[in-house]
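Reading the structure
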Amino acid sequence: MFCRWKFSILLVLFVTIGCSDPGPLRHSAKGTLLLDGEPLPYKSLYFWPIDGTVGQGAGGCTDGEGKFNLHTVVPGALRDYRGCQPGRYCVIVGEPLLPIGDTSSEANIQGEVVDGEGPAAAVAIAEPTRRSKGKPSIPAIYQSQNTTPLIVEVSEEVEFYELTMDSKPRASLTAVQYHKRN
């Protein structure tokens, strides 16, 4: 009886682990977003597939130092898939839909310390912030798949992307540097 019970548990574990979905083939899609040579923090990025590239693309946000690490978009998936499917993409840069900032567990969005002791730590919910009416930080040319000059090739050989935008862009300028694996 005891042996059957162990066998049943092992069978369930093997089926569960063996049947997990590894997702589509992906390669690393991380790098830095720059505007006029300076890191551009807290912006949204989307790799839009072009030239017959399969899949739905990849997206993510830059951190406080302008660094990003994208995730593949998989319709109906219950989890994120880090990286991007191989192929050619135009890069769309925009303002995030929700404010992005310090996400450390020590501070909430207003910078107040959140008490983490006890059975249930306090949850900080941020109030929506109004966007400034000043000059936008992202030139309009980079905000559409129809106009962006940033084109990248995602492949196994590329480890890191440096995406450089110009505040006075020219449509014919493509400013992407590839850092290949050694």
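Above this text you will find the structure in question.
Description of the structure in this document.

Helix and strand content of the chain: 1 helix and 11 strands. Out of the 182 residues in the chain, the part that is buried amounts to 28%. A fraction of 63% describes how many contacts in the chain between residues 6 or more apart in sequence connect residues 24 or more apart.

Mapped onto the elements of the fold, G59 is located in strand 4 (residues 58-61). G59 sits 34 residues away from V93 along the chain, and the two C-alpha atoms are 9.9 Å apart. In this view, G59 contacts L45, Y46, L70, H71 and V73; residues no more than four positions away in its chain are not counted.

An order of 7-6-4-3-8-9 is seen for the 6 strands of this open sheet, with the pairing classed as antiparallel. Every interior strand has two partners, whereas the edge strands, strand 7 (81-82) and strand 9 (151-154), have only one. Sheet topology places strand 3 (residues 44-50) next to strand 8 (residues 87-94); 7 bridges connect them, and they run antiparallel. Of the residues in strand 8, the one forming a bridge with Y46 is I92.

Along the chain, the position of R82 falls in strand 7. Residue classification places R82 among the exposed positions, given a relative accessible area of 53%. For the pair R82 and T72, spaced 10 residues apart in sequence, the C-alpha to C-alpha distance is 6.1 Å. Setting aside residues no more than four positions away along its own chain, R82 makes contact with R26, N69, L70 and H71.

We now examine the pairing of strand 4. Relative to strand 4, strand 3 runs antiparallel, the two being bridged by 4 bridges. Residue pairing across strands places Y46 opposite G59, the latter belonging to strand 4. Pairing between strand 4 and strand 6 (residues 71-72): 2 bridges, direction antiparallel. Across the sheet, A58 pairs through a bridge with T72, a residue of strand 6.

Here is what the cut-offs are and how they apply
- Residues numbered from 1 in each chain as written.
- Predicted model: local features only at pLDDT ≥ 70, side-chain atom pairs only at ≥ 80, totals over all residues.
- Heavy atoms only, no water.
- Helix = DSSP H or I, 4+ residues; strand = E, 2+ residues; numbered from the N terminus.
- Buried < 20%, exposed > 50% of the residue type's maximum accessible area, 1.4 Å probe, protein only.
- Contact = heavy atoms within 4.5 Å.
- Pairing = 2+ DSSP bridges.

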